[in-house]
Amino acid sequence: MWECVGPYDWAAGQDWMCEDLIIHGGQAGPLTFAGTGLSVAEHQRRTVNNFLELRSLAPDLRIIPTLQGSTVPEYEQCRELYERAGVNLAAEPTVGLGSVCRLQSTTQGAAIVTAMAAHGLRLHGFGFKTLGLNRVGHLLASADSAAWSLHARHRPPMPGHTHKNCANCFPYAMAWRTRVLDGLPTWHQPTIDGSEAA
């Protein structure tokens, strides 16, 4: 079935986010979250178990493990859950870092990335925007963000483009990527393959 999605470097399984809104519920702008009512430890357990199940069902697929938490000690606990389950995270080509999109430009977010990178993990930052990349992008192997698509959704299309907007447009995404990379401090610049520049 994976052949239908085209080439891919890796895929992430379902991880259980540990943001307060997800666990306890609440309002974020126009969005209302009911909350799971579960503990951070239970979200972490389910995240690790989902990864283990996917790996056992499809060992040939490149499914990455994802760390979850909201504080450095919680991310350490999640890392230890993987280790106790026999997953050597340092040997994984990519380890996802979840629940950081709202923290990524904060001191707390920087501390989480720094602590996990100190274990020698090749981290992928989910939802990392420009401010977070400026701060700790040099500690990540890769990152993603839908900010470019949201930006494009509220603007006219690029010159010569016939679609309504460029929210799903590869040239727009690549122009955004170039602008973000060019705006990073030179000592934070990643190379095209995600490794650090010399």
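This one's a predicted model, so the numbers in the text were calculated from it and none came from an experiment. (Residues numbered from 1 in each chain as written. Predicted model: local features only at pLDDT ≥ 70, side-chain atom pairs only at ≥ 80, totals over all residues. Heavy atoms only, no water.)

1. With respect to the overall build of the protein
Secondary structure assignment for the protein yields seven helices and eight strands. Counting only C-alpha atoms and orienting by the principal axes, one finds that the protein spans roughly 55 × 45 × 40 Å. Looking at the 198 residues of the protein, the share that counts as buried comes to 38%. Residue pairs at least 24 apart in sequence account for 56% of intrachain contacts in the protein once pairs closer than 6 positions are excluded. One way to put it: in the protein the 15 positive side-chain charges average out to a point 8 Å from where the 17 negative ones average out. (Helix = DSSP H or I, 4+ residues; strand = E, 2+ residues; numbered from the N terminus. Buried < 20%, exposed > 50% of the residue type's maximum accessible area, 1.4 Å probe, protein only. Contact = heavy atoms within 4.5 Å. Lys, Arg positive; Asp, Glu negative; His and termini not counted. Charge placed at Lys NZ, Arg CZ, Asp CG, Glu CD.)

2. What about unusual backbone geometry?
Non-glycine residue serine 99 carries a positive phi angle of around 60°. Among the structural elements, serine 99 can be located in the loop between strand 6 (95-97) and helix 4 (107-117).

3. Overview of the packing of helix 2 (residues 40-57) against helix 3 (residues 72-84)
Running from amino to carboxyl end, helix 2 crosses helix 3 at an angle of 35°, the nearest separation of the two axes being 10 Å. Classified by chirality, the crossing of helix 3 by helix 2 is right-handed. Each of Val40, Gln44, Arg45, Thr47, Val48 and Phe51 in helix 2 lies in contact with helix 3, whose residues at this interface are Glu74, Tyr75, Gln77, Cys78, Leu81 and Tyr82. Of the residues that constitute the contact of helix 2 with helix 3, the class distribution is seven nonpolar, three polar and two charged. (Axes fitted to C-alpha atoms, helices over the stretch in contact; angles between N-to-C directions. Left-handed = near helix turned anticlockwise from the far one by under 90°. Nonpolar A, V, L, I, M, F, W, Y, C, P; charged D, E, K, R; others polar.)

4. With respect to the pattern of salt bridges
Taken as a whole, this structure holds four salt bridges when the rule is applied. Note that glutamate 42 and arginine 45 form a salt bridge whose closest N and O atoms lie 2.6 Å from each other. Residue glutamate 42 and its partner arginine 45 are located together in helix 2, separated by three residues, close to a single helical turn. The salt bridge involving glutamate 42 is made with arginine 46; its shortest N-O contact spans 2.7 Å. Of the two residues, glutamate 42 and arginine 46 both sit in helix 2, four residues apart, roughly one turn of that helix. A single network of salt bridges, built from pairs that share partners, joins Glu42, Arg45 and Arg46. (Salt bridge = Lys/Arg side-chain N within 4 Å of Asp/Glu carboxyl O.)

5. Side note on the packing of aromatic side chains
Evaluation of the coordinates by the stated rule reveals three aromatic pairs. Measuring from ring centre to ring centre gives 6.4 Å for tryptophan 148 and tyrosine 172, while their planes differ by 35°; the resulting arrangement is tilted. Of this pair, tryptophan 148 sits in helix 6 (residues 147-153) while tyrosine 172 sits in helix 7 (residues 170-183), and the two are 24 residues apart along the sequence. Taken individually, tryptophan 148 and tyrosine 172 each receive the classification buried, so the pair is uniform in this respect. Taking the ring centre of tryptophan 16 as reference, the NZ or CZ of arginine 46 above it sits at 4.8 Å. Sitting over the ring of tyrosine 8, arginine 62 keeps its end group 4.4 Å from the ring centre. (Phe/Tyr/Trp six-rings, centres within 6.5 Å; stacked < 30°, edge-to-face > 60°. Lys NZ or Arg CZ within 6 Å of the ring centre and 35° of its normal.)

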